[in-house]
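Coordinate analysis (summary)
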Amino acid sequence: MANGFQAALQAAAAQTERYIAGELDNLPGEIAKGMVYATQGGKALRAFLVLETAKLHGITSALPVAAAIECMHAYSLVHDDLPCMDDDALRRGQPTVHVKWDEATAVLVGDALQSLAFECVLRPDIDASARITLAQSLARAAGVRGMVGGQAADIAAETAKKPLSLSQVIALQAGKTGALISWSAMAGARLALADTAALKAYGDALGLAFQIWDDVLDIEGDADKVGKAVGKDAAAGKATFVSHLGLDGAKRRAAELVQNACDALSVYGQDAETLKEAARFVIARTH
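Residues numbered from 1 in each chain as written. Predicted model: local features only at pLDDT ≥ 70, side-chain atom pairs only at ≥ 80, totals over all residues. Heavy atoms only, no water.

Looking at the overall build of the protein
In plain terms, the rule: Put simply, DSSP H or I for four residues or longer makes a helix, DSSP E for two residues or longer makes a strand, and each gets a number counted from the N terminus. Only C-alpha atoms enter the radius of gyration, while the globule expectation follows 2.2 Å times N to the 0.38, with N the number of residues. The rule is simple: take the accessible area with a 1.4 Å probe, protein chains only, and divide by the maximum for that residue type; under 20% is buried, over 50% is exposed, in between is partly exposed. We call two residues contacting when some pair of their heavy atoms lies within 4.5 Å. The Shrake-Rupley method, run with a 1.4 Å probe sphere, supplies the accessible areas, and residue values consider only the shown protein chains as cover. Charged residues are defined here as Lys and Arg on the positive side and Asp and Glu on the negative side; His and the ends of the chain fall outside this count. Note that the charge is assigned to NZ on lysines, CZ on arginines, CG on aspartates and CD on glutamates.
Scanning the protein from N- to C-terminus turns up 14 helices and 2 strands. For the protein, whose C-alpha radius of gyration is 18 Å, the value lies close to the compact-globule estimate of 19 Å for 287 residues. Expressed along its principal axes, the backbone C-alpha trace of the protein runs to roughly 50 × 50 × 35 Å. Put simply, the protein has 287 residues, and 50% of those count as buried. Nonlocal contacts in the protein, meaning residues at least 24 apart in sequence, comprise 73% of its contacts between residues at least 6 apart. Total accessible area computed for the protein in this model is approximately 12800 Å², and 53% of it derives from carbon and sulfur atoms. Across the protein, the mean location of the 27 positive side-chain charges is 3 Å away from that of the 34 negative side-chain charges.

Quick look at the structure:
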């Protein structure tokens, strides 16, 4: 199953990268180049979740939706790396967009990727109500109630008088990281106008496990493998899952969440084995 998951993950990355590049192929200027650049080289876990949960529901037209979530995720990374935010020079082992070009280009690349995400998510030839639900839920997951709200809370925490409590860190990460992962996990059910409860439970557990493991990698990871700077949270005295639970405690909590994610898929039987392997991957990855 592990080999099946890795093959599916690699296929999701290749397919979405080609799709996005194809959307921008004939556009002149540095913004389009920057958009392609920003969407290359990622794990494409979110795209994989879209495609795999669509497959689970018999949907074969989900590639534009997978491309949409990769555009949305890439936009968030481009803006997150800016000097006014995290000020990172490295992303996915390459210079960040504002380093390779400049800050104004990076802002516009992110803006354009967000717009392209909504173009793509509305493209599948499916029931109109399913497209509306996908677009509306993506806007919510990406906005102030989700990713942007989580990012704002993360920035505010950097100058707070005291570190965040564990419950506050969980709430923050549910927006910053978890919202788009949960959305990706539910996409297949939404495409099919099916019940999303099991996939929501899976996605919520997966998203939290993902962020906990990111905190672990910030301590144990190698910058060359992670593809970005490590040790920044600890150096800044930032509240993380590791600072609250300890390194071993954080690893145990991540493992528990992975098991919860797998258990949530029991309603799908053997058809969900690749999704279960994806959950196990989250706490086995080195980047």
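Some details on the pattern of salt bridges
What counts here: Any carboxyl oxygen of Asp or Glu that lies within 4 Å of a side-chain nitrogen of Lys or Arg is treated as forming a salt bridge with it.
Enumeration according to the criterion identifies 12 salt bridges in this entry. Across the pair Glu256 and Arg253 runs a salt bridge whose closest N-O atoms are separated by 3.4 Å. In this pair, Glu256 and Arg253 are both assigned in helix α13 (residues 241–264), 3 residues apart and thus about one turn of the helix distant. In this structure Glu256 comes out as partly exposed when scored by relative accessible area, which is 43%. Each member of the salt-bridge network shares a partner with another, and the members are Glu23, Glu119 and Arg123.

As for the packing of aromatic side chains
Counted only if it meets this: Note on ring pairs: Phe, Tyr and Trp rings are taken, using the six-membered ring of Trp, and paired if centres are within 6.5 Å. Classes follow the plane angle, with under 30 degrees stacked, over 60 edge-to-face and the rest tilted. Two limits define a charge over a ring: the Lys NZ or Arg CZ must be within 6 Å of the ring centre, and within 35 degrees of the ring normal.
Summed over the entire model, instances satisfying the criterion amount to 3 aromatic pairs. Their ring planes at 85° and their centres at 5.2 Å tell us that Phe5 and Phe48 sit as a pair that is edge-to-face. Here Phe5, found in helix α1 (residues 2–24), pairs with Phe48, found in helix α3 (residues 45–56); they are 43 residues apart in sequence, far enough to count as distant. Between Tyr37 and Trp101 the ring centres are 5.3 Å apart and the planes differ by 85°, which places this aromatic pair in the edge-to-face class. Here Tyr37 is found in helix α2 (residues 30–38), whereas its partner Trp101 is found in the loop between α5 (97–100) and α6 (103–121), with 64 residues between them in sequence. Residue classification places Tyr37 among the partly exposed residues on the basis of a relative accessible area of 22%. A connected cluster of aromatic rings, assembled from ring pairs, spans Phe5, Phe48 and Phe281. If you follow Arg285 out to its NZ or CZ, it ends over the ring of Phe210, 3.8 Å from the centre.

Some thoughts on the side chain of Glu70
Counting through the fold element by element, Glu70 comes out in helix α4 (residues 63–80). Although Glu70 is buried, it forms no salt bridge, and the closest oppositely charged side chain is Arg92 at an N-O distance of 4.5 Å. Setting aside residues no more than four positions away along its own chain, Glu70 makes contact with Thr16, Ile20, Thr39, Ala44, Leu45, Arg46 and Ala47.

Points about the side chain of Thr39
The following threshold applies: Polar contact is defined as a pair of N or O atoms within 3.5 Å, subject to the rule that within protein one atom must be able to donate a hydrogen and the other to accept it, and that residues adjacent in sequence are counted only when both atoms are side-chain atoms.
Tracing the sequence through the fold places Thr39 in the loop between α2 and α3. Looking at Thr39, the relative accessible area reads 6%, which means it is buried. At 3.0 Å, the side chain of Thr39 forms a polar contact with the backbone oxygen of Val36. The contact partners of Thr39, leaving out residues within four places of it in the chain, are Glu17, Ile20, Glu70, Ala74, Arg92 and Leu113.

Quick word on helix α7 (residues 128–142)
In an α-helix there are 3.6 residues to a turn, and that puts residues three or four apart on one side. Going by this rule: What a helix should span is 1.5 Å times the count of its residues minus one.
In a regular helix each residue adds 1.5 Å, so 15 residues correspond to 21 Å; α7 covers 21 Å between its end C-alpha atoms and thus fits that length. Within α7, burial applies to Ala130, Leu134, Ala135, Ser137, Leu138, Ala141 and Ala142. Buried positions along α7 lie against α4, α6, α8 (147–158) and α9 (166–191).

Looking at the packing of α3 against helix α14 (residues 273–282)
Threshold: To obtain each axis, a line is fitted to C-alpha atoms, and for helices this fit is confined to the stretch in contact; angles are then taken between N-to-C directions over 0 to 180 degrees. Just so you know how the angles are binned, under 35 degrees is roughly parallel, over 145 roughly antiparallel, 65 to 115 roughly perpendicular, and the rest oblique. By convention the crossing between two helices is left-handed if the near helix lies anticlockwise of the far one by an angle smaller than a right angle, and right-handed if it lies clockwise.
The geometry of α3 relative to α14 is characterised by a closest axis approach of 10 Å and an angle of 160° between their N-to-C directions. As summarised for this structure, α3 and α14 are arranged roughly antiparallel, according to the angle between their axes. Crossing angle aside, the handedness with which α3 passes α14 is left-handed. For the pair α3 and α14, the contacting residues are Leu45, Phe48, Leu49, Glu52, Thr53 and Leu56 in the first and Thr274, Leu275, Ala278 and Val282 in the second.

Quick word on the environment of Ala279
Relative to the helices and strands, Ala279 is located in helix α14. Sequence-wise, Ala279 and Leu257 are 22 residues apart; in three dimensions their C-alpha atoms are separated by 8.9 Å. Residues within four places of Ala279 in sequence aside, it is in contact with Tyr202, Leu206, Val258, Ala261 and Cys262.

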